[in-house]
Amino acid sequence: MTDLDAHQGAGIAEQTERRWATIAVILMIVLTSMAAFAGIRQATMPQPRVETIDPTRLHLSGEFVESNLGTAVEPDGAVVVRAIGQQYSFSPSCILVPAQTPITLRATSADVVHGIIIQGTNINTMLVPGYVTDQLMRFERTGDYLMPCQEFCSFGHEGMWGKVKVIDKAEFASRAGNGGRVSCVGQ
Ligand code: CUA
C-alpha cells in the first residue's frame, strides 16, 4: 500500500464516518423534538375529563362512604362498582360482578397512590388520592380473579390484595333484584 492509497483510504473512512454522525445527530434532533412536542402538548392540553375528590373526607360524605361501596345496579340498570384503596387493603376486599356485562369501576385512594390490576384481564389502572378513577370493565367468564395492588405504596404493598368474583349474569340479577349493594358475602 502506498502512502497515497493510505491517504485516500483515510479520506473515505472520514467521509463515511461524518455521514453517519450527521444521520445520528439528525435522528437525535427529530426524536428530541417529538418527545418535547408530546410532553408540552400533554402538559398544556386539559385532560378529557378529570373528577376530583377530597381524599380526607371520603368516609364522611359523598359517593365513597362505606355504605355506598361495592357493586350497585343503578336506576338506569348500569352496574357500577365503587371501591377505595388505602394502605394496605381495598374496600371492599372482594368485588362481586356479573359476567358478560359492561361494568363501570369507580375508585379512588384514601392516602397514597395505589394501583388495581385484575389478573387475566387487561384491566390495569391507578388510584390517585384526590382523583376518581373511572374504568370500564367486562368479564366474559365466571370465576375468581385476583386483584393485587400494582403500585408500590410503602412497606405493606405486597400484602395489598383484593379479589373480583364474577358470577353468572342471571344469578347476579336475582341477587341484585331487591336493589342496594351486592357483595361477596354469602358467596
Ligand atoms: Cu397499595 Cu401497593
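Residues numbered from 1 in each chain as written. Predicted model: local features only at pLDDT ≥ 70, side-chain atom pairs only at ≥ 80, totals over all residues. Heavy atoms only, no water.

Visitor: It is not clear to me how the overall build of the chain should be interpreted in this structure. Could you clarify?
Guide: Helices and strands together make up the secondary structure of the chain, namely 2 helices and 11 strands. Helices and strands in the chain line up, N terminus first, as α-β-β-β-β-β-β-β-β-β-β-α-β. Counting only C-alpha atoms, the chain reaches 95 × 35 × 35 Å along its principal axes. Buried residues in the chain amount to 33% of all 187 residues. Pairs at least 24 apart in sequence give 62% of the contacts found in the chain among residues at least 6 apart. Accessible area of the chain: about 11600 Å², with a carbon and sulfur share of 59%. Within the chain, one finds 14 positive and 18 negative side-chain charges whose respective centroids are separated by 9 Å. (Helix = DSSP H or I, 4+ residues; strand = E, 2+ residues; numbered from the N terminus. Buried < 20%, exposed > 50% of the residue type's maximum accessible area, 1.4 Å probe, protein only. Contact = heavy atoms within 4.5 Å. Areas by Shrake-Rupley, 256 points an atom, 1.4 Å probe, with all protein chains shown as cover. Lys, Arg positive; Asp, Glu negative; His and termini not counted. Charge placed at Lys NZ, Arg CZ, Asp CG, Glu CD.)

Visitor: Help me out: how do you make sense of the nonpolar core in this one?
Guide: Across soluble globular proteins, nonpolar side chains show a tendency to be buried alongside one another. Formed by 30 residues in total, the largest nonpolar core has its most connected members in V97, I118, M137, F139 and V164. For this core, the secondary-structure elements that each account for two or more residues are β2 (79-86), β4 (94-98), β5 (103-109), β9 (143-148), β10 (161-167) and α2 (169-176). Among the elements that take part in this core, β4 stands out by supplying 4 residues, more than any other. Core analysis: the second largest hydrophobic core is formed by 5 residues, L58, F64, I84 and V132 among them. (Core = buried A, V, L, I, M, F, W, Y, C linked by side-chain atoms within 4.5 Å.)

Visitor: Please explain the state of the cysteines as it appears in this structure.
Guide: As used here, a disulfide is simply a covalent bond connecting the sulfur atoms of two cysteines. Under the counting rule described, the total for this entry stands at 1 disulfide. Between the sulfur of C94 and that of C184 lies a disulfide, 2.0 Å long from S to S. Torsion about the S-S bond of the C94 and C184 cystine: about -75°, corresponding to left-handed handedness. You can see C94 sitting in strand β4 and its partner C184 sitting in the segment after β11 (181-182), a full 90 residues away along the chain. C94 sits in the buried class, given a relative accessible area of 16%. (Disulfide = S-S within 2.5 Å.)

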